[in-house]
Amino acid sequence: MAKSRRVVFGRVNRRNSTMQMRPFSEDMLELARSRRTSITFKADAGRPARTWHAADIEVASGRFAVGVLGFAVSEEKRHFDEDEFSWIKGETEFSDAASEDTVVPFAVDLREHSRYVAIATSGRVKAYSAMVNLGKVLNRAAHDIGLLPADWECDLVVSQASIHKWLETYPKVRLMRRTIKFTNPGRDLDEDRAQMIALRAGRKKEEFAAPYNQELDVNSEIFAEKLRGIETGDLEIYLQARVEGADKAEFNSNEDADKVSISDFGTDLVEGRDLVAMALAGYTARLEGDEPGEPQLWDE
């Protein structure tokens, strides 16, 4: 059976501004040329700091920017001592480098109305951390070179089709939690976001819980409205449903984001960038109705 890699989808959001922004494609190209798309995080006591880099950013076909995201790790390597026939007596050395498991290709749709992102994942680069840290390196570079607004985030996305498919299987939802974020560029001032501005808050969290042994009305217009923004990364959602013969079923947009599988590209990051860009092209085509089928294609 051929090996495969998982690709997860998100969106680049430029938040907290009512200013007229330059075209997204221009900003992305300036960030790429800046070579400032790096950020170092402090680590817990006893662990080294980790620096993420988004590099090798190029424009493919005028519509996509492709690149590589990753970090180096400091690891101890032990050599086998042939003379002593011993691992214990073998010499050790430290190397500070990246590996196939710590660097992953990504692609960004540069169209203003789209701004969707695809990132390959690995054993050490998980979906949520990959998307969040890509946003952080972009935000750091935007701040360093003076782009406004310097408040960039990459958010995982979930299509409405994914939500509805889950609800068909688990309709007895008893709990819903929402985390509301500002839209781009902050002009969608609904009641939730007006309250956030009044309180100078960057997030709003709310919870809806059904009475004991009952369920929320998932077919209501209000429930559907509460899901608006999930497909653009302006909302995080957690759903918990009652399941016959089991405790519960859960849906978490930070863990169950839209994803597809692609061929395993091994250490060939150039091929990996191309495969991720093609996955992103297919995903956005399905979102926009240019191709039939649902946007999420991953099978566990």
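Refer to the preceding data block for the structure.
Described in the following lines is the structure provided in the data block. (Residues numbered from 1 in each chain as written. Predicted model: local features only at pLDDT ≥ 70, side-chain atom pairs only at ≥ 80, totals over all residues. Heavy atoms only, no water.)

Details of the overall build of the chain
Scanning the chain for helices and strands turns up six helices and 14 strands. Evaluated residue by residue, the chain yields a buried proportion of 44% over its 300 residues. The long-range fraction of contacts in the chain, counting pairs at least 24 apart against all pairs at least 6 apart in sequence, stands at 67%. Accessible surface, the chain: about 16400 Å² in total, of which carbon and sulfur atoms supply 49%. (Helix = DSSP H or I, 4+ residues; strand = E, 2+ residues; numbered from the N terminus. Buried < 20%, exposed > 50% of the residue type's maximum accessible area, 1.4 Å probe, protein only. Contact = heavy atoms within 4.5 Å. Areas by Shrake-Rupley, 256 points an atom, 1.4 Å probe, with all protein chains shown as cover.)

Quick notes on unusual backbone geometry
Positive phi values are uncommon outside glycine, yet Arg115 reaches one of about 60°. As for its placement among the helices and strands, Arg115 is situated in the loop between strand E7 (103-109) and strand E8 (116-120). With a phi close to 60°, Arg200 is a non-glycine residue in the positive phi region. Relative to the elements of secondary structure, Arg200 occurs in the loop between helix H4 (191-199) and strand E11 (204-209).

A word on helix H2 (residues 127-145)
The first and last C-alpha atoms of H2 sit 28 Å apart over 19 residues, in line with the 27 Å expected at 1.5 Å per residue. Where H2 is concerned, the buried positions are Ala130, Met131, Asn133, Leu134, Gly135, Val137, Leu138, Ala141 and Ala142. At the C-terminal side of H2, Gly146 shows a positive phi close to 85°. (Expected span 1.5 Å × (residues − 1).)

Overview of the packing of aromatic side chains
Across all of its chains, the model carries seven aromatic pairs by this definition. A centroid spacing of 5.1 Å and a plane angle of 45° characterise the contact between Trp166 and Tyr170, whose relative ring orientation is tilted. Here a set of aromatic residues connected by ring pairs shows up, and it is made of Phe9, Tyr116 and Tyr283. Looking at Arg14, its charged tip hangs above the ring of Trp152, at a distance of 5.6 Å from the centre. (Phe/Tyr/Trp six-rings, centres within 6.5 Å; stacked < 30°, edge-to-face > 60°. Lys NZ or Arg CZ within 6 Å of the ring centre and 35° of its normal.)

Here we look at the packing of helix H1 (residues 24-34) against H2
Between H1 and H2, the least distance of the axes is 10 Å, while the angle of their chain directions is 85°. With respect to H2, the element H1 is oriented roughly perpendicular. Contacts from Met28, Glu30, Leu31 and Ser34 in H1 reach Leu138, Ala141, Ala142 and Ile145 in H2. Residue composition of the contact of H1 with H2, by class: six nonpolar, one polar and one charged. (Axes fitted to C-alpha atoms, helices over the stretch in contact; angles between N-to-C directions. Parallel < 35°, antiparallel > 145°, perpendicular 65-115°, else oblique. Nonpolar A, V, L, I, M, F, W, Y, C, P; charged D, E, K, R; others polar.)

Concerning the side chain of Thr232
Structurally, Thr232 is set in the loop between helix H5 (221-226) and strand E12 (235-243). A distance of 3.2 Å separates the side chain of Thr232 from the backbone oxygen of Gly229, its partner in a polar contact. Setting aside residues no more than four positions away along its own chain, Thr232 makes contact with Arg11, Asn13, Tyr116 and Val157. (Polar contact = N/O pair within 3.5 Å; in protein donor to acceptor, adjacent residues only side chain to side chain.)

Let's talk about H1
All buried positions along H1 are accounted for by Phe24, Asp27, Met28, Leu31 and Ser34. For H1, the arc enclosing every buried residue in end-on projection is 120°, short of the 170-degree limit, so these residues lie on one face. (Arc of directions from axis to C-beta.)

Let's talk about the pattern of salt bridges
Pairing between side chains of opposite charge can happen when their charged atoms approach one another. What the rule picks out here adds up to 29 salt bridges. Glu112 is the partner of Arg14 in a salt bridge, and the nearest nitrogen-oxygen pair spans 2.9 Å. Of this pair, Arg14 sits in strand E1 (residues 4-14) while Glu112 sits in the loop between E7 and E8, and the two are 98 residues apart along the sequence. Of the residues examined, Arg14 reaches a relative accessible area of 1% and is grouped as buried. On the accessibility criterion, Glu112 (37% relative accessible area) is partly exposed. For Arg177, the salt bridge identified is with Glu207, shortest N-O distance 2.8 Å. Taken together, the residues span a long stretch of sequence, with Arg177 in strand E10 (residues 173-180) and Glu207 in strand E11 at a distance of 30 residues. Accessibility expressed as a relative area gives 39% for Arg177, which makes it partly exposed. The exposure class of Glu207 is partly exposed, given its relative accessible area of 48%. It is possible to trace a salt-bridge network through shared partners that takes in Arg15, Glu153, Asp155, Lys181, Arg203, Asp234 and Glu236. (Salt bridge = Lys/Arg side-chain N within 4 Å of Asp/Glu carboxyl O.)

Focus on the environment of Gly202
Tracing the sequence through the fold places Gly202 in the loop between H4 and E11. C-alpha separation for the pair Gly202 and Lys181, spaced 21 residues apart in sequence, amounts to 6.7 Å. Aside from chain neighbours lying at most four places away, what touches Gly202 is Ile180, Lys181, Phe182 and Met196.

Side note on the nonpolar core
With 49 residues, the main nonpolar core has Val7, Phe9, Ile119, Leu134 and Trp152 as its most contacted residues. For this core, the element with the highest residue contribution is H2, accounting for seven residues. For Ile119, the residues in contact, after removing those within four places along its chain, are Arg6, Val7, Val8, Val104, Pro105, Phe106, Ala130, Met131, Leu134 and Val276. Within the second largest apolar cluster, 21 residues are counted, among which are Leu167, Ile180, Ala210 and Leu239. (Core = buried A, V, L, I, M, F, W, Y, C linked by side-chain atoms within 4.5 Å.)

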